[in-house]
There are 4 protein chains.
Amino acid sequence: MSNQRQESKAAARSRAQKERILAAAQACFVESGFHGASMATIAETAEMSPGLIYRYFDSKNAIILEIIERQLTVARRRIRELHCSQNLSSRIFEYFEEKEPREKDSINHALYLEISAQATRDPQIAEALQRYDAAVCSELGGWLSHGRAEGGCGLSGETVPVRALMLLSLIEGLKLRGSREPDLDRRLLQDALDEMVNLLVTPAE
Amino acid sequence: MSNQRQESKAAARSRAQKERILAAAQACFVESGFHGASMATIAETAEMSPGLIYRYFDSKNAIILEIIERQLTVARRRIRELHCSQNLSSRIFEYFEEKEPREKDSINHALYLEISAQATRDPQIAEALQRYDAAVCSELGGWLSHGRAEGGCGLSGETVPVRALMLLSLIEGLKLRGSREPDLDRRLLQDALDEMVNLLVTPAE
Amino acid sequence: MSNQRQESKAAARSRAQKERILAAAQACFVESGFHGASMATIAETAEMSPGLIYRYFDSKNAIILEIIERQLTVARRRIRELHCSQNLSSRIFEYFEEKEPREKDSINHALYLEISAQATRDPQIAEALQRYDAAVCSELGGWLSHGRAEGGCGLSGETVPVRALMLLSLIEGLKLRGSREPDLDRRLLQDALDEMVNLLVTPAE
Amino acid sequence: MSNQRQESKAAARSRAQKERILAAAQACFVESGFHGASMATIAETAEMSPGLIYRYFDSKNAIILEIIERQLTVARRRIRELHCSQNLSSRIFEYFEEKEPREKDSINHALYLEISAQATRDPQIAEALQRYDAAVCSELGGWLSHGRAEGGCGLSGETVPVRALMLLSLIEGLKLRGSREPDLDRRLLQDALDEMVNLLVTPAE
DNA sequence: CATGAATGAGGATTCATTCAT
DNA sequence: GATGAATGAATCCTCATTCAT
């Protein structure tokens, strides 16, 4: 049992180390992109030696993949939380706002772009992104189609995938725009979202 | 005159070479990203020696900047053409469709992502993107605000920037989506766009 | 303490490596000049990989500058030692003789030429050379002006800078000559120096 | 005859072209050193195409060699002219002054350094320099040993080579110094030279 | 003769990865 | 486990030289 406890201690340490590396890597990638961030910089940020990183990850690419996976998981959760709200548009607004872009739970837009660009080349990443897309769409679709009584929107089957697609595209388009126009008028944005979301969430007459 | 003709011949060749290089570079960048594509590969693609490229461009970065400038110019023109149409949504659809992504006149979505990602780091590129954004927004805004008699949409001043923002975000969101889900259901897309665009283009009651 | 000892060990190794690189670089520069010596050759001479050099020096130019600085420091010390001697001319003779041009403490004339040539273009090097010149001149001047009782030459204020300039020019001229006429008659040289130095060191009547 | 005249015309043109190239090359070498000056820059300075240079010279190195040869020839002539003067020290002063360093007939000190440095590596250049040295020394020696009646200095056989060596070394040392300390006090220099030259030119008692 | 476009080998530098300690 | 020195392949870029026109 002591042995076991030791092992689990070791495992915990291992997990903590991986975490440190991923956090450092994410920070560096946000700052400089996947290519621009060197292993040396990541190691320095993680306050460890470059060599040690290779005890926890096979290669730089493995780190990138893990970070992508995580970002998509976070994104999926964030989207899922959206529809719990009565007030979708302000939730989207918050989602889009991104107070502290480096905390573990946030989606970083710059990174998201990097990931999307990478996906056009790396099929592994492309696949991960598609899994994510599918999950998000079905999630959103479920919500749109559920009756209002159950907290849904009561859209009819036909319109659901259409609306889900639009909603997602809009959200992503806004993210993209927001990440390169940081001083976009927030009020304007909120108003626009209110209107749009209302339209999308209301069953067509 | 012979001199002049010769000169113009040389200038023509020079332009043609630049074009060759840009085309090759664009192809490589699409394939491997700005970083991933090496000058050697670009040279090989352009069927010339690496050294020759430097007769026409100061550096790899100069090529990247030129390609970005061109992409944005094309994108701007494409957006401008959109509103000439009676049927906006199907034009957006075509815009989004992008049959042959390497022809000179087309916007390449992978490249667009690459550019956006790069913009988060390179202020020069960020500025170019913002110029582009401003131009496109005002273009679209003009069209939305003009009276229907003049081919516009007759939206009132308040709503114009809001709608323009939404429209653009939607378009870009769809582009992004389309570039990673190439087998997205086209009919679904067309239907969704029809509905959305109608909503966005109609004055609020 | 073990930590401290380890650290000092690492620091020692680091210093040793820098030394290795500088020695190799100096040998290569003497052989082929600053331009002619490639980093690859220097690395090979230092028996290490080219990449490793950059752990210790920022650039090839940084190495060049360091070597120049060192050469000038050595040269300054050598000049300073000259005037401690009763027999200046034979010290100059030794100075000029330079048995083993690659040992750390020696001035290499070929390198000195390279440095001087480089100084006509690189203001940083020019400045270093001028600092060196000023130091040497004042050093020599002090000695010339001090009373004989203190081991000086007792020259009056007026003549001091004139004589210092001549003495230095003569020494440098001889170095230059010696570096390209290695089989210059040593006896001839010694005689000439004896006479010249005597003249220069004696107060004008 | 017409043929001959044509040929000689052609030969003249050829000589003129070579001259142009050498002049341009010298200007470039002075500005940037042998290595720093590119064939392209030389061609531009000579107002011709890079390719044309190769009709007149085998290689860049051939140009360098020719320029060195010329510089030494000029230097030899300049030294020879020195002793025609009654007032040697002021002639040396002029020699050292170098008003317009790019005119064909002048010695350029920066170039001289470049040449000397190159000589430590290239035996061909080293030999040329030694030929030059020998010529200059014998020239100077002749003058020193000739009777005063014949415009010489009347030095006795023994001291001649010694004095010649010193004189030359001094002159070269001053050149070196002057080329890196352009704002050296001219009056100081003149005074120093006066004194030194007098000493060197006067027979030992 | 003359041009200048084209070549390609070579140079400085970077960085993911390995390995002796 | 941990270090960080070491490697060497790969990258961007330059420039002497050639050759089709």
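Residues numbered from 1 in each chain as written. Chains lettered and ligands numbered in written order. Predicted model: local features only at pLDDT ≥ 70, side-chain atom pairs only at ≥ 80, totals over all residues. Heavy atoms only, no water.

1. Side note on the interface of chain A and chain B
Across the boundary between the two partners, chain A contributes 43 residues, which contact 46 residues of chain B. Between chain A and chain B the total buried area reaches about 3,800 Å² when both faces are included, carbon and sulfur atoms providing 66% of it. A per-residue breakdown of the area chain A buries against chain B is headed by A:Arg121, A:Arg177 and A:Arg180, which together make up 17% of the total. Joining chain A to chain B, the criterion identifies six salt bridges. Between A:Asp133 and B:Arg177 there is a salt bridge whose closest N-O contact spans 3.4 Å. Remark: the boundary between chain A and chain B carries six residue pairs in polar contact (both at pLDDT 80 or more). Element by element, the count of residues in the side of chain A that touches chain B is highest for helix H8 (residues 159–180) of chain A, at 14 residues. (Contact = heavy atoms within 4.5 Å. Buried area = accessible area lost by both parts, 1.4 Å probe. Salt bridge = Lys/Arg side-chain N within 4 Å of Asp/Glu carboxyl O. Polar contact = N/O pair within 3.5 Å; in protein donor to acceptor, adjacent residues only side chain to side chain. Helix = DSSP H or I, 4+ residues; strand = E, 2+ residues; numbered from the N terminus.)

2. Focus on the relation of the copies chain A and chain B
Superposition record for chain A on chain B: RMSD 0.5 Å, screw rotation 177 degrees, translation along axis 0.0 Å. As the rotation angle and translation indicate, the two copies are arranged about a two-fold axis. For chain A, the smallest separation between a C-alpha atom and the rotation axis is recorded for A:Gly173, amounting to 1.8 Å. (Least-squares fit on C-alpha atoms with pLDDT ≥ 70 in both.)

3. Some details on the side chain of C:Ser116
With respect to the helices and strands, the residue C:Ser116 is situated in helix H6 (residues 109–119). Contact partners of C:Ser116, with chain neighbours within four places excluded, come to C:Leu129, D:Leu113, D:Leu176 and D:Arg180.

4. Some points on the interface of chain C and chain D
Across the contact, 46 residues belong to chain C and 43 residues belong to chain D. Between chain C and chain D lies a buried interface of about 3,800 Å² when both sides are counted; carbon and sulfur atoms form 66% of it. Viewed at the interface, chain D and chain C are joined by six salt bridges. In this structure, D:Arg177 and C:Glu172 form a salt bridge, with 3.0 Å as the shortest nitrogen-oxygen distance.

5. What to know about the protein's contact with DNA strand E
Surveying the vicinity of DNA strand E reveals 31 residues, the closest of which are A:Met39, B:Arg13, B:Arg55, C:Tyr54 and D:Arg13. The sugar-phosphate backbone supplies 66% of the atoms of DNA strand E found within 4 Å of the protein. Contact distances for DNA strand E include 2.9 Å between a phosphate oxygen and a side-chain N or O atom of A:Tyr54. Listed by contribution, the elements that provide at least two residues to the surface near DNA strand E are helix H3 (50–56) of chain A, helix H1 (2–36) and helix H3 (50–56) of chain B, helix H3 (50–56) of chain C together with helix H1 (2–36) and helix H3 (50–56) of chain D. With five residues, the top contributor of residues to the surface near DNA strand E is H3(D). Its residues assigned to classes, the surface near DNA strand E shows 13 nonpolar, 12 polar and six charged. (Near = heavy atom within 4 Å. Nonpolar A, V, L, I, M, F, W, Y, C, P; charged D, E, K, R; others polar.)

6. Observations concerning the relation of the copies chain C and chain D
If you rotate chain C by 178 degrees and push it 0.0 Å along the axis, it lands on chain D with an RMSD of 0.5 Å. The fraction of interface residues of chain C whose copies in chain D are also interface residues reaches 93%, indicating that both copies meet through the same surface.

7. Observations regarding unusual backbone geometry
Glycine aside, a negative phi is what most residues show, and trans is what most peptide bonds show. All names here are of chain A. In this structure, Glu47 takes a positive phi of about 55 degrees despite not being glycine. In this structure, Glu47 sits in the loop between helix H2 (39–45) and H3. Exposure remark for Glu47: the relative accessible area of 66% places this residue in the exposed category. (Buried < 20%, exposed > 50% of the residue type's maximum accessible area, 1.4 Å probe, protein only.)

8. Observations concerning the protein's contact with DNA strand F
Around DNA strand F lies a shell of 31 residues, among which A:Arg13, B:Tyr54, C:Arg13, C:Arg55 and D:Met39 are the nearest. What you see for DNA strand F is that sugar and phosphate hold 67% of its atoms within 4 Å of the protein. Interatomic distance of 3.3 Å between a backbone N/O atom of A:Ser49 and a phosphate oxygen of DNA strand F. Between a phosphate oxygen of DNA strand F and a side-chain N or O atom of D:Tyr54, the distance comes to 2.9 Å. Listed by contribution, the elements that provide at least two residues to the surface near DNA strand F are helix H1 (2–36) and H3 of chain A, H3 of chain B, helix H1 (2–36) and H3 of chain C together with H3 of chain D. In terms of residues, the surface near DNA strand F owes the most to one element, H3(A), which gives five residues. Of the residues belonging to the surface near DNA strand F, the class tally is 13 nonpolar, 12 polar and six charged.

9. Notes on the domain arrangement of chain A
Residues and elements named next belong to chain A. Along its sequence, chain A is organised into domain 1 (1–58) and domain 2 (64–201). Counting residues at the interface gives 12 residues for domain 1 and 14 residues for domain 2. Here domain 1 meets domain 2 over a buried area of about 1,200 Å², counting both sides, of which 66% is carbon and sulfur. The largest share of the area that domain 1 buries against domain 2 comes from Gln26, Val30 and Phe34, three residues that together contribute 55% of it. Our count for the domain 1 to domain 2 interface comes out at one salt bridge. The shortest N-O distance in the salt bridge between Glu19 and Arg70 comes to 2.6 Å. The tally of links between domain 1 and domain 2 comes to two residue pairs in polar contact (both at pLDDT 80 or more). (Domains from an automatic or database assignment.)

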